[in-house]
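So the chains spell out like this:
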Amino acid sequence: MEINYIGEHLWAGQFGHLFIVLAFVSALIAAIAYAFGAKTEEAFSNWKLLARSAFSLHIVSVFGIIGTLLYMLYNGMFEYHYVWQHSNSEMPMRYIMSSFWEGQEGSFLLWLFWHAVLGAILLKSSKNWEAPVMAVFALVQMFLVSMVLGTQVGDFFRIGSNPFVLLREHPDFMNLPFLQNANYLDRLDGRGLNPLLQNYWMTIHPPTLFLGFASTLVPFAFAIAGLWQKKYTEWMKPALPWTFFGVMILGTGILMGGAWAYEALSFGGFWAWDPVENSSLVPWLTFVGAAHVMVIQQNRGQSLIMTFVLTTAT
């Protein structure tokens, strides 16, 4: 017998799903349009309007996903699994943002957000490189959005994990007895943020670190565009400022993580924290190497292959 649940805000999840689908489709259209536009200048003039419009819609959709999830967290919509898992009604308001990116889905959304911001800047600043660079950008965005699609393929394979799944529709909860009560939300509260993460570092470290991660895409996109357009050295001039920006931001984020671990977890040293944090040091090292060999290549005409290797590896 179908249960008519009381108090559920189904419209919020529907909006979230809609924005995810729009973000995925618009990124796909932008990637295709920019790829066709990258062939010649005449081709770009024909595809430019569609490509830019699609990527602009993608940016709006990403902001829509994030805005919807933040609204749900702020208003304590515990009927949704992500909200229940990462927040509760007793948690201080300053940790609402922290609960947003505590989970895997929120981390991908934070990454998407920074890519959208950087992509908006590149739309205005990449000039002659716009078509190939933004084609790569849009493809990466499409991949990241797929990580929050939550689409089932067949019986055993699922693409991504959707943050807008209802608690009663989540595989771990759908058969629990309390969800057979139409008014189950009356006394339901969330699990809340991990106590170790209820720290001011949680509000500033992840956004800084993920901006650093996101910034690695810009030199990568220019490097792929250089190979694509057979402009093997010209791409480095516009990519170099972005590379040093990324080195600075990612390095700052890593140092924040080290300071947080040293302060909150007493791991015994800045470089003695868990391997998840240590692994973020690896792309920073290759990023620093990429910046150096770019400068060497521009000044001496050496290390071209290593420039491509380090930029793409990062």
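Now for a description of the structure that goes with this document.

Conventions we followed
Starting from 1, residues in each chain are numbered consecutively following that chain's sequence as written. A pLDDT threshold of at least 70 governs which residues receive local features in this predicted model, and a stricter bar of 80 or more applies before side-chain atom pairs are shown or counted, although totals over entire chains, interfaces and linings include all residues. In computing side-chain properties, one takes all heavy atoms of the structure into account and sets aside hydrogens as well as water. Comment: elements are numbered from the N terminus, with helices defined as DSSP H or I runs of at least four residues and strands as E runs of at least two. Per-residue accessibility, obtained with a 1.4 Å probe over protein chains only, is compared with the maximum for each type, and a residue is labelled buried under 20%, exposed over 50%, and partly exposed between these values. A fitted line through C-alpha atoms represents every axis, and for helices the fit uses only the stretch in contact; the resulting angles, taken between N-to-C directions, go from 0 to 180 degrees. Small angles under 35 degrees read as roughly parallel and large ones over 145 as roughly antiparallel, with 65 to 115 read as roughly perpendicular and the rest as oblique. Here a crossing is called left-handed whenever its near helix is offset anticlockwise from the far helix by less than a right angle, and right-handed whenever the offset is clockwise. Only heavy atoms matter for contacts: two residues are in contact if any of them lie within 4.5 Å across the pair. The classification used treats Ala, Val, Leu, Ile, Met, Phe, Trp, Tyr, Cys and Pro as nonpolar, Asp, Glu, Lys and Arg as charged, and all other residues, Gly among them, as polar. Helices are assigned an expected span. That span is 1.5 Å times one less than the residue count. Salt bridge criterion: a side-chain nitrogen from Lys or Arg within 4 Å of a carboxyl oxygen from Asp or Glu. Two N or O atoms form a polar contact when they lie within 3.5 Å of each other; inside protein one atom must be a possible hydrogen donor and the other a possible acceptor, and for residues adjacent in sequence the pair counts only when both atoms belong to side chains.

Observations concerning the environment of Leu18
Mapped onto the elements of the fold, Leu18 is located in helix 1 (residues 10–37). Owing to a relative accessible area of 46%, Leu18 belongs among the partly exposed residues under this scheme. Leu18 sits 46 residues away from Gly64 along the chain, and the two C-alpha atoms are 9.2 Å apart.

Things to note about the packing of helix 11 (residues 281–300) against helix 12 (residues 304–313)
Two elements in contact, helix 11 and helix 12, have axes whose closest approach is 8 Å; the angle formed by their N-to-C orientations is 155°. Overall, the two elements helix 11 and helix 12 adopt an arrangement that is roughly antiparallel. Of the two possible hands of crossing, helix 11 and helix 12 adopt the one that is left-handed. Facing Thr286, Gly289, Ala290, Val293, Met294 and Gln297 of helix 11, the residues of helix 12 in contact are Leu304, Met306, Thr307, Leu310 and Thr311. Considering only residue class, the contact of helix 11 with helix 12 consists of 6 nonpolar, 5 polar and no charged.

Details of helix 5 (residues 104–125)
The terminal C-alpha atoms of helix 5, which comprises 22 residues, lie 32 Å apart, in line with the 32 Å expected from a rise of 1.5 Å per residue. At the exit of helix 5 stands Lys127, carrying a positive phi of roughly 55°.

A word on the pattern of salt bridges
Taken as a whole and judged by the stated rule, the model has 2 salt bridges. Ionic pairing is found between Arg168 and Glu8, a salt bridge with its closest N-O pair at 2.7 Å. Placement of the pair is Arg168 in the loop between strand 2 (157–159) and helix 7 (200–215) and Glu8 in the segment before helix 1, with a sequence separation of 160 residues. Of the charged contacts, one joins Arg52 and Glu130 as a salt bridge, the two residues approaching to 2.7 Å between their closest N and O atoms. Placement of Arg52 in helix 2 (residues 41–74) and of Glu130 in helix 6 (residues 130–146) is noted, with a sequence separation of 78 residues between them. What makes Arg52 partly exposed here is its relative accessible area of 34%. For Glu130, a relative accessible area of 2% gives the class buried.

Description of helix 7
With 16 residues, helix 7 ought to run about 22 Å at 1.5 Å a step, and its terminal C-alpha atoms sit 24 Å apart, in line with that. Most of helix 7 sits out of view: 13 of its 16 residues are buried. Structurally, the start of helix 7 carries an N-cap: the backbone nitrogen of Trp201 is 2.8 Å from a side-chain oxygen of Asn199.

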